[in-house]
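Here's the letter readout for the chains.
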Amino acid sequence: RLQGVAFLAKLSYLEEMAAATAMAMLAALAILAPTARGLDRAEFPPGFLFGAATSSYQIEGAYLEDGKGLSNWDVFTHTQPRRIKDGRNGDIADDHYHRYMEDVEIIHSLGVNSYRFSISWARILPRGQLGGVNSAGIAFYDRLITALLQKGIEPFVTLHHFDMPQELETRYGSWLGAGIREEFGYYADVCFKAFGDRVRFWTTFNEPNMFAKFAYMLGNYPPARCSPPFGTCNSGNSRREPYVAAHNMLLSHAAAVENYKKNYQVKPTDILPL
């Protein structure tokens, strides 16, 4: 009986402690977020950006329109649908290529003031350096960037979000061959030259560490290379190739950044006062 009384006393003490902790958390919330019901822009510093983000293959569709070449994901999803959870592909996706104005309106309606999207390398350079620049691809992103700016939305552009022209994947093994570094440098320069007068924020690679892991260690992304015990692929070396790919991406990133800073980045002295 005494043990039971002690247990009840302990339980009562724990309940009081839990209640006190809950009250302390509510008090902290009241101080840190006076309107826990919702946040107000005035609570954020000037220049704070609220944004949304997408990637080209996941939303654009129009996979063979207006001069676009096949990307590695176009080929991968058609030839290895078992590696896609529901077996679908991005041939149409969200049809952003045709409905981008509607999408910009939706983004604007959310009240955000920045939008990160990626450029389809295969839409700009269907065959890499060999095939020339696809003017229709340049025109599409021109229209998208203009539409965003007209709505007061800052464009953030990603150059590589896991996709590239299939021809380059075939030629270099995607990021395994050293030649891909020159290809990426050329592609980045084309984009800087075409859009750099309106785009101030650039991302060279989206999650390169994850891409190296899923493409060259586990074989879940194209070019789907791996080896046991990490996965079952037709070819690959899971212990070596992720590091080779990461090495080439890092060098490509460094070269693109150097080019941008040297030739395209707007310097403070170049900005005219309002």
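Since the structure is predicted, the reported quantities are computational estimates derived from the model, not experimental observations. (Residues numbered from 1 in each chain as written. Predicted model: local features only at pLDDT ≥ 70, side-chain atom pairs only at ≥ 80, totals over all residues. Heavy atoms only, no water.)

Caption draft 1: Layout of the environment of G173. Note that G173 resides in the loop between helix 7 (166–172) and helix 8 (179–195). Residues G173 and A245, 72 residues apart in the sequence, show an inter-C-alpha distance of 9.4 Å. In contact with G173, not counting residues within four places along its chain, are L168, Y216 and P223. (Helix = DSSP H or I, 4+ residues; strand = E, 2+ residues; numbered from the N terminus. Contact = heavy atoms within 4.5 Å.)

Caption draft 2: Up close: helix 4 (residues 96–110). With 15 residues, helix 4 ought to run about 21 Å at 1.5 Å a step, yet its terminal C-alpha atoms sit only 17 Å apart, falling short of that. In helix 4, a bend of some 40 degrees at E102 exceeds every other bend along the element. Turning to helix 4, its buried residues are H96, Y97, Y100, V104 and I107. Packed against the buried residues of helix 4 are helix 2 (56–59), strand 2 (114–118), helix 5 (121–124) and helix 6 (135–150). Of the residues flanking the end of helix 4, it is G111, one or two places downstream, whose phi is positive at about 85 degrees. (Expected span 1.5 Å × (residues − 1). Bend = angle between axes of the 7 residues up to and from the residue. Buried < 20%, exposed > 50% of the residue type's maximum accessible area, 1.4 Å probe, protein only.)

Caption draft 3: Examining the pattern of salt bridges more closely. Going through the model one piece at a time under the given rule, you end up with 13 salt bridges. Notably, a salt bridge pairs E167 with R171, separated by 2.7 Å at the nearest N-O pair. With E167 and R171 both in helix 7 and 4 residues apart, this pair spans about one turn of that helix. Note that R171 and E183 form a salt bridge whose closest N and O atoms lie 3.1 Å from each other. Here R171 is found in helix 7, whereas its partner E183 is found in helix 8, with 12 residues between them in sequence. A relative accessible area of 3% places E183 in the buried class. Within the structure, one salt-bridge network assembled from shared partners comprises R127, E167, R171 and E183. (Salt bridge = Lys/Arg side-chain N within 4 Å of Asp/Glu carboxyl O.)

Caption draft 4: Inspection of the state of the cysteines at higher detail. In the structure shown here, the tally under the stated rule is 1 disulfide. Through a disulfide, C226 is tied to C233; the S-S separation comes to 1.9 Å. Measuring handedness by torsion sign, the sulfur bridge of C226 and C233 sits at about 105 degrees and is right-handed. The burial state of C226 is the same as that of C233; both residues are buried. (Disulfide = S-S within 2.5 Å.)

Caption draft 5: A look at empty space enclosed by the protein. Inspection of every chain in the model, using the stated rule, returns 1 cavity of 30 Å³ or more. The calculated volume of the largest cavity comes to roughly 70 Å³. In terms of lining residues, the largest cavity is bounded by S56, Y57, E60, G61, Y63, K68, S71, D74, G90, S120, R123 and D163. Per-class residue counts for the lining of the largest cavity are 2 nonpolar, 5 polar and 5 charged. (1 Å grid on protein atoms, 1.4 Å probe; cavity = no way out; pocket = protein on both sides within 12 Å on 5 of 7 lines; lining within 4 Å. Points joined across faces, edges and corners; volume = space filled by probe spheres on them. Nonpolar A, V, L, I, M, F, W, Y, C, P; charged D, E, K, R; others polar.)

Caption draft 6: Examining the layout of surface pockets more closely. In this structure, the largest pocket encloses a volume near 480 Å³. Residue lining of the largest pocket: 19 residues in total, with Y57, Q58, W73, T77 and I84 positioned closest to the centre. When contributions to the lining of the largest pocket are tallied by element, the ones reaching two or more residues are helix 2 and helix 3 (72–79). Tallied by class, the residues present in the lining of the largest pocket amount to 6 nonpolar, 7 polar and 6 charged. For the second largest pocket, the lining is made up of 10 residues, of which V199, R200, Y260, Q265 and V266 are closest to its centre.

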